[in-house]
Amino acid sequence: MSYLRDRFGEAIPIFGSGGGKQLAAELHTPLLGQVPIDPQICTGGDAGKPLTLADSISLTSRTFQQIAAALNATFCPVLVPLSSHL
C-alpha cells in the first residue's frame, strides 16, 4: 500500500506488495490508492504546510488527492434536487 522510489523512479515495496489489493478484494471494496512514501509528508505537516498544498503536482500529492476524491464520492454523493424528479 506504500512504497519508496529509488533514484531511477522504480517503486520499492518496503512492506511487501499486493497486501492492499488482497485486503480490498476480501472486503469487496476498491483500493483507493498506494501512497509513495515521501519525507516531505512529515516535514510539511510539522511545518503546517501539507504536501498537497506545498507541492500539489508531486506524485504523492496527486495520490492523496485521488484518495480524497474517491472518499468524497463515496461519502458525499451528489444530491439531485427534488424538482428534477417532477
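Predicted model, so just to flag it, every value in this text is computed and none were measured.

A few points about the overall build of the protein chain
For step 1, the next point in the chain: Summing up its helical and strand segments, the protein chain has four helices and three strands in all.
For step 2, the next point in the chain: For the protein chain, the spread of C-alpha atoms along the principal axes amounts to about 60 × 35 × 20 Å.
For step 3, the next point in the chain: Burial analysis of the protein chain (86 residues in total) assigns 15% to the buried set.
For step 4, the next point in the chain: Partitioning the contacts of the protein chain with sequence separation of at least 6, the portion at a separation of at least 24 is 39%.
For step 5, the next point in the chain: Accessible surface for the protein chain amounts to roughly 6700 Å². Of this, 64% is attributable to carbon and sulfur atoms.
For step 6, the next point in the chain: In the protein chain, which carries 5 positive and 6 negative side-chain charges, the distance between the mean positions of the two groups comes to 5 Å.

Let's talk about the side chain of Ser 61
For step 1, the next point in the chain: Looking at the secondary structure, you find Ser 61 in helix α4 (residues 59–75).
For step 2, the next point in the chain: Given the relative accessible area of 0%, Ser 61 is considered buried.
For step 3, the next point in the chain: Within the structure, Ser 61 has its side chain in polar contact with the side chain of Ser 58 (distance 3.0 Å).
For step 4, the next point in the chain: For Ser 61, the contacting residues outside a window of four places in its chain are Leu 51, Thr 52, Asp 55 and Ser 56.

A word on the sheet that holds strand β3 (residues 35–36)
For step 1, the next point in the chain: Across the sheet, three strands lie side by side as β2-β1-β3; this open sheet has mixed pairing. Strand pairing shows two members of the sheet lacking a second neighbour, β2 (11–12) and β3, which therefore form its edges.
For step 2, the next point in the chain: Direction of pairing for strand β1 (residues 2–5) relative to β3: parallel, over a ladder of two bridges. Looking across to β3, one finds that Tyr 3 is bridged to Pro 36.

Some words on the side chain of Thr 60
For step 1, the next point in the chain: Take Thr 60: it is sitting in helix α4.
For step 2, the next point in the chain: Contacts of Thr 60, omitting those with residues within four sequence positions, involve Val 35, Pro 36, Asp 38, Ile 41 and Leu 51.

Overview of the pairing of β1
For step 1, the next point in the chain: Pairing analysis gives two bridges linking β1 to β2, with the strands arranged antiparallel. Bridge pairing in β2 places Arg 5 opposite Ala 11.
For step 2, the next point in the chain: Hairpin connection of β1 to β2: five residues between the antiparallel strands, including Gly 9 at a positive phi of 90°.

Calculation notes
For every chain, the first residue of its written sequence is number 1, and the numbers climb from 1 along that sequence. Reporting of local features is limited, given that this is a predicted model, to residues whose pLDDT is at least 70; pairs of side-chain atoms are given and counted only at 80 or more, and all residues count toward the totals for whole chains, interfaces and linings. Side-chain descriptors were evaluated using all non-hydrogen atoms of the structure, hydrogens and water having been removed beforehand. Strands are runs of DSSP state E lasting at least 2 residues, helices are runs of H or I lasting at least 4, and numbering of each runs from the N terminus. Exposed residues in this analysis have more than 50% of their type's maximum accessible area, buried residues have under 20%, and partly exposed residues fall in between, with area computed by a 1.4 Å probe over protein chains only. Contact between two residues is taken to exist if any of their heavy atoms lie within 4.5 Å; hydrogens are not considered. The accessible surface values rely on the Shrake-Rupley method and a 1.4 Å probe; as for residues, cover is taken only from the protein chains in view. Neither His nor the chain termini are counted; the positive set is Lys and Arg, and the negative set is Asp and Glu. We put the charge of a Lys on NZ, of an Arg on CZ, of an Asp on CG and of a Glu on CD. Any pair of N or O atoms that falls within 3.5 Å is considered a polar contact. Within protein, one atom must be able to donate a hydrogen and the other to accept it, and sequence-neighbouring residues count only if both atoms are side-chain atoms. Strands were regarded as paired on the criterion that DSSP finds at least two bridges between them.

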